[in-house]
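Coordinate inspection notes
Chain by chain, the residues run as shown.
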Amino acid sequence: MDLIITTRFSQTIMMPSLIFDCYYQIFEYLEQNRTTLHACILVNRQWCQAAVPILWRQPFSLLYNFPHPSDYSLEAWQMRAGQLVETLFLSLTEEEKKSLRKKKLSLPSFTNSTIHNRPTPIFNYAGFMRIMDFGEAYGVLLAWIRYSKGITGSCTFQVKPSLNQISPPKKILRSVIKLLGSVHFVRNKKLRTELAVCKTFAKLLMRKSWTMKSLIIDKIHHSPVPEELLFIGKYPGSKNCLSQLTNLICTTKSNKAKFLLAISKVSHHLRNLTIWISYPSTQSYPYKPEMGRRSIRRRNEVIEQAEALVQLIQSQDRLISFEIGYCPTALELIVDSLKTQAKSLRRINFHGVNFSDARPLTGLANCHRLEKLKFITCVWLNERALQPLTTIKFPYLRKIDVNTPIPSSVISAIIKNSNWNIEKLKFEDVTTATDTITPKVIQTIAEHCPNLVRLSYRPTIKEMPQLVQLVTNCKKLATLILTGARYPEIDVNSVFRDMAKQQLPNLKHLSIQTALTLTPNTLNEFFTISKAPIETLEFYQAQCFCDHHLDVVLNCLKPTLKNLRIQTYRTIPDTSIVRAREIIEFVHVYPM
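Residues numbered from 1 in each chain as written. Predicted model: local features only at pLDDT ≥ 70, side-chain atom pairs only at ≥ 80, totals over all residues. Heavy atoms only, no water.

This paragraph deals with the overall build of the protein. Helix and strand counts for the protein come out as 22 helices and 21 strands. By residue count, 52% of the 592 residues in the protein fall in the buried class. Total accessible area on the protein is roughly 28,400 Å²; 52% of this is exposed by carbon and sulfur atoms. (Helix = DSSP H or I, 4+ residues; strand = E, 2+ residues; numbered from the N terminus. Buried < 20%, exposed > 50% of the residue type's maximum accessible area, 1.4 Å probe, protein only. Areas by Shrake-Rupley, 256 points an atom, 1.4 Å probe, with all protein chains shown as cover.)

Next up, the structure:
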């Protein structure tokens, strides 16, 4: 079908029609722009058929997409949520509609006066869904029930806005979270309606959706979700719906053992798997004889979930990325199961894991194709648990991210076994056997990481001279971030003078997030001699930075600098800040 366009000179132009695949690829770029996609649906049938699948790929996340921030309100969001669910529920069977009527819900779509006036949906909207966040879905279903009953306010989750979405006002978000906190998933008379609606929605999704690609359960708030949503693996149609699932994120507080077992029987092509066994507020520590019944019960639940996760891992054909979070016990069982994915596994992330009682994680020694390794907010990282990492070579390892104390011997051994391929490193705190031993991590990095591009490290006073060797050997270094405490101040003038003697043609991001002492002359010498094309410069917790330092920055980095962030104890005159903003695109000055 050709598109007829009339110009302002009253000339009619026939625009030739493209094939369906071309329209679909074009509309892919508008995935997060709800308003534009909706306008495309109204052009003609071909545009409609190409745009509807994209619009309904993840419909709940688009509920926050308002043209203007002032348009956002709880009532407006609730109305949108109600209309979206009503559209979905038009595809329910008569038995499901009758079941919901028995709950005495005054739902507009199900009343006798309107149900016959609502036509059968043109599309199978549920079949287009590819990304499902059950945390979002539960909030939307509650909002629909309250909207249908004329109750103002809704109970929903905050969705992280995308680049094309507008952030909701803070007052509304606070009221949303407050309403969310008032909900308790307890089986009583008040919640039977909500649970019945959740079960109906889950069954509809499994029956109508063709191939779900991503399933997310409470990625943001980590709250319990109704069991009716966790039973999806047992509902009719789940085998077809979840057979092509590639991304699974489950961080809910609910016991997810049965859910994981059900998924292991229908989904065998997962590529990314994120599972949090417990949660910080409820995390139980390794079992001790003096523990009470409650702690023992929690421990048994953790073991039950860990065993279910092991079965899920072993049932996959090619797992690429794996994250385990807040696992207080049975960690070695989960890690040992990764042996079955050794040929495909590329990324492993330990999040909030307690290693205090963990036995050597021998399963990691088989994952020799790892490219990324992370330890985020973990507890008691020790040589005993990580010993297998020190004995195996990781020829493809490119990134290590550790923001928790870790023995320097382990880090040095991993770096030496990386075959010079490491490009990104981040260490917040490196420990040694005694305080008298000087860590040689920076020296090891300089000797074994010639391809290093990004380094974030917290050096001690004794390690500062090793930075010279680092910039000498790592010529590709583009980002250098030095972190540390506010006290005591560390004099690095001599170190930066020696670093200035090295050519730094690729250094574009320099961030000093600790109390370092630098004179304006040293800073001028460093920028002038090294010829570093710095685009982003950051000084946090700086006790020495003043207007003279700012003048040096403006004079030396004027051609390249685009972003400047300063946090200093000293007062910088407003005239200097105004001058900086005239030269640099982004200037941020924060008081201490």
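Let us keep going from here.
Turning our eyes to something else, we now look at the environment of Ile131. With respect to the helices and strands, Ile131 occurs in strand E3 (residues 131-133). C-alpha separation for the pair Ile131 and Lys213, spaced 82 residues apart in sequence, amounts to 6.1 Å. Contacts of Ile131, omitting those with residues within four sequence positions, involve Arg57, Gln58, Met212, Ser214 and Ile216. (Contact = heavy atoms within 4.5 Å.)

Take the packing of helix H1 (residues 20-28) against helix H3 (residues 45-55) next. Taken N-terminus to C-terminus, the directions of H1 and H3 make an angle of 45 degrees; their axes are 9 Å apart at the nearest point. The angle between the axes of H1 and H3 places the two elements in the oblique class. Both H1 and H3 take part in a crossing whose hand is right-handed. On the side of H1, the interface is formed by Phe20, Tyr23, Tyr24, Phe27 and Glu28, while H3 contributes Gln46, Trp47, Gln49, Ala50, Ala51, Pro53 and Ile54. Counted by class, the contact of H1 with H3 contains nine nonpolar, two polar and one charged residues. (Axes fitted to C-alpha atoms, helices over the stretch in contact; angles between N-to-C directions. Parallel < 35°, antiparallel > 145°, perpendicular 65-115°, else oblique. Left-handed = near helix turned anticlockwise from the far one by under 90°. Nonpolar A, V, L, I, M, F, W, Y, C, P; charged D, E, K, R; others polar.)

Turning our eyes to something else, we now look at the pattern of salt bridges. Per the counting criterion, the structure on display carries 10 salt bridges. Arg57 is the partner of Glu28 in a salt bridge, and the nearest nitrogen-oxygen pair spans 2.9 Å. On the criterion of sequence distance, the pair formed by Glu28 in helix H1 and Arg57 in the loop between H3 and helix H4 (74-89) is long-range, its members being 29 residues apart. The buried category is assigned to Arg57, whose relative accessible area is 13%. Arg359 serves as the salt-bridge partner of Glu332, at 3.2 Å between the closest nitrogen and oxygen. Here Glu332 is found in helix H14 (residues 331-337), whereas its partner Arg359 is found in the loop between strand E8 (347-351) and strand E9 (372-376), with 27 residues between them in sequence. (Salt bridge = Lys/Arg side-chain N within 4 Å of Asp/Glu carboxyl O.)

So, about a positive patch on the surface. Judged by side-chain charge, Lys372, Lys424, Lys426 and Arg454 come together as a positively charged surface patch. Positionally, Lys372 belongs in strand E9. (Patch = residues over 30% accessible without salt bridge, like charges linked within 9 Å, V, L, I, M, F, W, Y side chains within 5 Å. Lys, Arg positive; Asp, Glu negative; His and termini not counted. Charge placed at Lys NZ, Arg CZ, Asp CG, Glu CD.)

Glancing now at the pairing of strand E12 (residues 424-427). A regular strand carries its side chains on alternate faces of the sheet. Only one face of E12 is covered, namely the face carrying Leu425 and Phe427; the face carrying Lys424 and Lys426 is uncovered. Sheet analysis places strand E10 (residues 399-402) next to E12, joined by four bridges and oriented parallel. Directly across from Lys399, in E12, lies its bridge partner Lys424. Direction of pairing for E12 relative to strand E14 (residues 454-457): parallel, over a ladder of four bridges. (Pairing = 2+ DSSP bridges.)

There is a patch of nonpolar side chains on the surface, built from Tyr487, Tyr569 and Met592 and spanning about 320 Å² of accessible area. Its location among the elements puts Tyr487 in the loop between strand E15 (479-483) and strand E16 (490-491).

To continue, consider the packing of aromatic side chains. Enumeration according to the criterion identifies 17 aromatic pairs in this entry. Ring geometry for Tyr23 against Phe27: centres 6.2 Å apart, planes inclined by 20 degrees, an arrangement best described as stacked. Of this pair, Tyr23 and Phe27 are both found in helix H1, four residues apart, which corresponds to roughly one turn of the helix. With a relative accessible area of 3%, Phe27 lands in the buried category. Connected via pairs of aromatic rings, a cluster forms that spans Trp56, Phe123, Tyr125, Phe128 and Trp210. (Phe/Tyr/Trp six-rings, centres within 6.5 Å; stacked < 30°, edge-to-face > 60°.)

Here the focus is the pairing of strand E20 (residues 563-568). Burial runs high along E20: five of the six residues are buried. Taken together, the five bridges between strand E19 (residues 536-542) and E20 define a ladder with parallel strand orientation. Each residue of the ladder has a partner; that of Phe539, found in E20, is Ile566. Handedness of the E19-helix H21 (residues 547-556)-E20 crossover: right-handed. Note: E20 against strand E21 (residues 586-591), six bridges, orientation parallel. (Right-handed = clockwise from strand over helix to strand, strands pointing away.)

This next bit is on helix H5 (residues 94-101). Given 3.6 residues per helical turn, the α-helix brings residues three or four places apart onto the same face. Every buried residue of H5 is accounted for by Glu96, Lys97 and Leu100. Buried residues along H5 cover an arc of 100 degrees about the axis, so they all sit on one side. Across H5 from its buried face, at more than 90 degrees, point the exposed residues Glu94, Glu95 and Lys98. (Arc of directions from axis to C-beta.)

In this section: the nonpolar core. In this structure, Phe89, Phe201, Leu309, Phe350, Phe355, Phe427 and Leu470 are the most contacted members of the largest nonpolar core, which totals 165 residues. Among the elements that take part in this core, helix H7 (residues 134-148) stands out by supplying nine residues, more than any other. (Core = buried A, V, L, I, M, F, W, Y, C linked by side-chain atoms within 4.5 Å.)

We now examine unusual backbone geometry. That bond from Tyr487 to Pro488 is cis: its omega, -5 degrees, falls within 30 degrees of zero. Secondary-structure assignment places Pro488 in the loop between E15 and E16. Despite not being glycine, Asn419 shows a phi value in the positive range, around 65 degrees. Assignment of secondary structure puts Asn419 in the loop between helix H16 (408-416) and E12.

Below, the discussion takes up the side chain of Asn563. Summarising the element assignment, Asn563 is placed in strand E20. If we skip the residues at most four places from it in the chain, Asn563 touches Glu535, Thr536, Leu537, Ile584, Phe586 and His588.

With respect to the helices and strands, Ser530 occurs in helix H20 (residues 520-530). Separated by 2.4 Å, the side chain of Ser530 and the backbone oxygen of Phe526 make a polar contact. Look past the residues within four positions of Ser530 in its chain and what remains in contact with it is Ala500, Gln502, Gln503, Leu504 and Glu525. (Polar contact = N/O pair within 3.5 Å; in protein donor to acceptor, adjacent residues only side chain to side chain.)

Our focus in this paragraph is the confidence of the model for the protein. Looking at the protein, the pLDDT average stands at 81 and 81% of residues meet or exceed 70. With pLDDT under 50 throughout, residues 5-10 is counted as low confidence; its partners more than four residues away or in other chains account for seven contacts. Ignoring residues within four places in sequence, the model shows residues 284-290, a span with pLDDT below 50, making 15 contacts including any to other chains. (pLDDT = per-residue confidence, 0-100.)

Turning our eyes to something else, we now look at the environment of Cys48. Tracing the chain through its elements places Cys48 in helix H3. Along the primary structure Cys48 and Tyr23 are separated by 25 residues, whereas in three dimensions their C-alpha atoms are 9.9 Å apart. Beyond its immediate chain neighbours, meaning those up to four positions away, Cys48 contacts Cys40, Ile41, Pro53 and Phe123.

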